[in-house]
Amino acid sequence: MKDKKLNQIFAAARRETPPAVPAGFAERVQRSLATEAEPVVIGFIDQLNRNFTRYAVSAAAAIMLCAAVELSQTFRQDPSIDDDVEQICSDWMLR
Amino acid sequence: MVNDDAELVALVRAGSSDAYTELVRHNQQQVFSILHRYERDLHLVEDLAQETFTKAWRALASFDGRAPFQHWLSRIAVHVALDHVRRRKRLSGTVALPELGEDSVAWLRDELPPRELEARQAREILELAMQSLSAAEQLVITMLEIEGRSIKEICSLTGDSSVAVRVRAMRARSKLRKAIEKLEESENER
């Protein structure tokens, strides 16, 4: 009995027509999105392109840091990384 | 003039904002059709539709084109609807429920022949009866019984398993039956 009534309610609700979309809705969406940024970056290459300046500056800073360390070691006459590598090679060859 | 959603998506990705306006125009009626099942106030439906298209815009990079754009957008609309029903349920303790109209009461009291129940009255009764359902149950029963979607479609739109959807639908029907019984009793006592 109650199932029948419930089915009648569902059937009546199914007949309801959806409301018409208010005029200018798409334009309103567009205006609200105008303040947003572009849609998220698509791929790896795009990301690389966008962040190229940052990557370049970071890489240059890393190279300069390594050069500075190497120079300071040369002035202090500490063994450099090259010396260590040379030492390891000669040790290995003498074995 | 581009008519294909996939082409419009490609244009949006290439930076055309006009293409997105066109994409909204292509799909706005479908989004309104989904959302109005969960909200009767047209202004709120419009807000929810705007939220749907804003979310779609933000997530456009994740659209891989395997399914049609319309289907992908429907999933977003369904999740916006679910969030809305959840919010409304949280507020239901503080907001007064709408009263049933005279015709709806007459129908519940069996004073009208069954065929005379109108869609608007059915919505009134359902809105009250659905208060006893969880947000997820409301979503499943609406999609299954009112929108006429298949279990498979509901699974695809909600991301739930078919067992979960079937169980929710069964529980929802049972709760609705009880809620309508209660409504009938309370209206008969008046």
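Each residue is numbered by its place in its chain's sequence as written, counting from 1. Each chain gets a letter, beginning with A, and each ligand a number, beginning with 1, in the order they are written. Where local features are concerned, this predicted model is filtered to residues with pLDDT of at least 70; where side-chain atom pairs are given and counted, the filter is 80 or more; whole-chain, interface and lining totals use all residues.

1. Some points on the overall build of chain B
Rule in force here: Under the DSSP-based scheme used, a helix requires at least four consecutive residues in state H or I and a strand at least two consecutive residues in state E, with every element numbered from the N terminus. Counting other C-beta atoms within 10 Å of a residue's C-beta gives its exposure: the residue is buried at 20 or more, exposed at 12 or fewer, and partly exposed in between, where C-beta atoms are placed from the backbone. Contact definition: two residues whose C-beta atoms, as placed from backbone geometry, lie within 7 Å.
Helix and strand content of chain B: nine helices and zero strands. In chain B, the succession of α and β elements from N to C terminus is α-α-α-α-α-α-α-α-α. Out of the 190 residues belonging to chain B, those deemed buried represent 33%. Summarising the internal contacts of chain B: among those between residues at least 6 apart in sequence, 63% fall at separations of at least 24.

2. Section: helix H3 (residues 42-58) of chain B
This is how it is decided: Expected helix span is given by 1.5 Å per residue-to-residue step, counting one fewer step than there are residues.
Look at H3 of chain B: 24 Å from first C-alpha to last across 17 residues, which is about the 24 Å you get at 1.5 Å a residue. Residues Val 45, Glu 46, Leu 48, Ala 49, Thr 52, Phe 53, Ala 56 and Trp 57 of chain B constitute the buried set of H3 of chain B. For H3 of chain B, the elements touching its buried residues are helix H2 (25-34) of chain A together with helix H2 (17-35) and helix H4 (69-91) of chain B.

3. Re the interface of chain A and chain B
Think of interface size as the accessible area that goes away when the parts come together; that is how it is often given. Inclusion rule: Just so you know the grouping, Ala, Val, Leu, Ile, Met, Phe, Trp, Tyr, Cys and Pro go in nonpolar, Asp, Glu, Lys and Arg go in charged, and all remaining residues, Gly too, go in polar.
Residue-level contacts link 29 residues of chain A with 40 residues of chain B. Counting only elements with at least two residues in the side of chain A that touches chain B, the list comes to helix H1 (2-14) and H2 of chain A. Here the side of chain A that touches chain B takes 10 residues from H1 of chain A, the largest share from any one element. Of the residues belonging to the side of chain A that touches chain B, the class tally is 17 nonpolar, three polar and nine charged.

4. Overview of the domain arrangement of chain B
Residue and element names in this part refer to chain B. Rules: For the domains described, the bounds stem from an automatic or database domain assignment.
As assigned here, chain B comprises domain 1 (1-95) and domain 2 (97-190). Distance between the C-alpha centres of domain 1 and domain 2: 25 Å. On the domain 2 side, the residues contacting the 12 residues of domain 1 number 10 residues. Split into classes, the residues belonging to the side of domain 1 that touches domain 2 amount to five nonpolar, two polar and five charged.

5. Quick look at the confidence of the model for chain B
Interpretation of this model should avoid reading the predicted coordinates in detail wherever pLDDT is low. The condition that has to hold: Residue-level confidence of the predictor is summarised by pLDDT, bounded by 0 at the bottom and 100 at the top.
Within chain B, residue pLDDT values average 87, and 90% of them lie at 70 or more. Across the assembled chains, the prediction reports ipTM 0.81 with pTM 0.72.

6. Regarding the packing of H2 of chain A against H2 of chain B
Rules: Think of each axis as a best-fit line through the C-alpha atoms, taken over the contacting stretch in the case of a helix, with angles from 0 to 180 degrees between the N-to-C directions. Here roughly perpendicular refers to angles of 65 to 115 degrees, roughly parallel to angles under 35, roughly antiparallel to angles over 145, and oblique to all remaining angles. Each crossing gets its handedness from the near helix: less than a right angle anticlockwise from the far helix is left-handed, clockwise is right-handed.
Contact geometry of H2 of chain A with H2 of chain B gives a least axis separation of 9 Å together with a crossing angle of 140°. Comparing the axis directions of H2 of chain A and H2 of chain B gives the class oblique. Helix-helix and strand crossings are classified by hand; for H2 of chain A and H2 of chain B the assignment is right-handed. Note on element contacts: H2 of chain B touches H2 of chain A through Ser 17, Tyr 20, Thr 21, Val 24, Arg 25 and Gln 28 of chain B, opposite Phe 25, Ala 26, Glu 27, Val 29 and Gln 30 of chain A. When the residues that make up the contact of H2 of chain A with H2 of chain B are grouped by side-chain class, the tally is five nonpolar, four polar and two charged.

7. Comments concerning the packing of H2 of chain A against H3 of chain B
Packing of H2 of chain A against H3 of chain B leaves a shortest axis separation of 10 Å and a crossing angle of 55°. The angle between the axes of H2 of chain A and H3 of chain B places the two elements in the oblique class. At the point where H2 of chain A passes H3 of chain B, the crossing takes the right-handed sense. For the pair H2 of chain A and H3 of chain B, contact is made by Phe 25, Arg 28, Val 29, Ser 32 and Leu 33 of chain A and by Glu 46, Gln 50, Phe 53, Thr 54 and Trp 57 of chain B, respectively. Grouping the amino acids of the contact of H2 of chain A with H3 of chain B by side-chain chemistry returns five nonpolar, three polar and two charged.

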